[in-house]
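As a plain string of letters, each chain reads:
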Amino acid sequence: MRRYEQNWLPEIFNDFFANDWMNRTSTTAPAINVIEDETDYKVEVAAPGMTKEDFKVNVTDDNYLVLTLEKKNESKDEDKKRKYLRREFSYRKFEQSLALPEDVNRDEIKATVNNGILTIEIPKVKVTERQPAVKQIEIQ
C-alpha cells in the first residue's frame, strides 16, 4: 500500500483539511504535520535549509491555506589555468493547499520559521454559549 492511500487519520480531519495530499517522494516534498488541540490548529512543515524568505503563506477567499516554498541555489567555481567554468545550481519549489475548517480565526493566523521548520498557528474561533434549539415565544 502506498503512503498516500493510507487512511489512518480520523474522518473529521479528512473532511476539514481536504486530505487529498499530492503524491510525494521523500526527496522533493517536505513532511507536513497538522496538530489540533482545544484552542488551535498547528501546521508544521519540515524544510531543512530553507529560510523565512523562501516561504509564502496565504489564505484564499475560499478558505484555503496555501503554502509555497521556493529555493534557488547557485555556486560558481572558476579555474583560470584551464579556462574552465563549473556551475552547479538547484531549484526547489513546492506548493500545498489545505482547506481550513470553519472554526478558524483567519485574522489571527501566525507563521514562524525556526531551524528549517515552518510553524503556522491557526487559532480557533472561541465557542460561545449555544442558544437552545427550541425557544418558546410568549404570545402577548
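Residues numbered from 1 in each chain as written. Predicted model: local features only at pLDDT ≥ 70, side-chain atom pairs only at ≥ 80, totals over all residues. Heavy atoms only, no water.

S.K.: I tried to follow the overall build of the protein on my own but got confused; where do I start?
M.R.: Along the protein, the regular secondary structure elements total one helix and seven strands. Reading the protein from its N end, one meets helices and strands in the order α-β-β-β-β-β-β-β. Counting across all 140 residues of the protein, residues that qualify as buried make up 26%. Here the contacts in the protein between residues at least 6 apart in sequence split such that 49% fall between residues at least 24 apart. Split by element, the accessible area of the protein, about 11,500 Å² in all, is 47% carbon and sulfur. (Helix = DSSP H or I, 4+ residues; strand = E, 2+ residues; numbered from the N terminus. Buried < 20%, exposed > 50% of the residue type's maximum accessible area, 1.4 Å probe, protein only. Contact = heavy atoms within 4.5 Å. Areas by Shrake-Rupley, 256 points an atom, 1.4 Å probe, with all protein chains shown as cover.)

S.K.: Mind showing me how you'd approach the sheet that holds strand β6 (residues 110-114) here?
M.R.: Strands sit in the order β1-β2-β7-β6 across an open sheet of four strands; the sheet is antiparallel. Whereas interior strands pair on both sides, the edge strands pair on one side only; in this sheet they are β1 (31-36) and β6. Averaged over all pairs of adjacent strands, the angle between their axes in this sheet comes to 15°, without regard to strand direction. Pairing between β1 and strand β2 (residues 40-46): six bridges, direction antiparallel. Residue Ile35 lies in a different strand from β2, and its bridge partner there is Lys42. (Pairing = 2+ DSSP bridges. Axes fitted to C-alpha atoms, helices over the stretch in contact; angles between N-to-C directions.)

S.K.: Could you clarify how one ought to interpret the pattern of salt bridges in this entry?
M.R.: Oppositely charged side chains are able to pair whenever their charged atoms sit close together. Counted under the stated rule, the structure contains two salt bridges. A salt bridge links Lys124 to Glu36; its shortest N-O distance comes to 2.6 Å. On the criterion of sequence distance, the pair formed by Lys124 in the segment after β7 (117-123) and Glu36 in strand β1 is long-range, its members being 88 residues apart. When its relative accessible area of 16% is taken as the criterion, Lys124 is described as buried. Between Asp54 and Lys71 there is a salt bridge; the shortest N-O distance is 3.2 Å. You can see Asp54 sitting in the loop between β2 and β3 (55-59) and its partner Lys71 sitting in strand β4 (residues 64-79), a full 17 residues away along the chain. Just as Asp54 is buried, Lys71 falls in that class too. (Salt bridge = Lys/Arg side-chain N within 4 Å of Asp/Glu carboxyl O.)

S.K.: Could you clarify how one ought to interpret the confidence of the model for the protein in this entry?
M.R.: On average, residues of the protein score 76 in pLDDT, and 64% of them reach the 70 mark or higher. Of all the helices and strands in the protein, helix α1 (residues 11-17) carries the lowest mean pLDDT, 50, while β7 carries the highest, 95. Below pLDDT 50 for its whole length, residues 1-10 participates in five contacts with residues either more than four positions away or in separate chains. Under a pLDDT of 50 for its full length, residues 19-27 has, in the predicted model, 17 contacts with residues more than four places off or in other chains. (pLDDT = per-residue confidence, 0-100.)

S.K.: Explain unusual backbone geometry here, please?
M.R.: Most peptide bonds take the trans configuration, and most residues that are not glycine carry a negative phi. Of note, Asn63 is a non-glycine position whose phi angle comes to about 70°, a positive value. Along the polypeptide, Asn63 turns up in the loop between β3 and β4. Here Asn115, not a glycine, exhibits a phi torsion of approximately 55°, which is positive. As for its placement among the helices and strands, Asn115 is situated in the loop between β6 and β7. For Asn115, a relative accessible area of 74% gives the class exposed.

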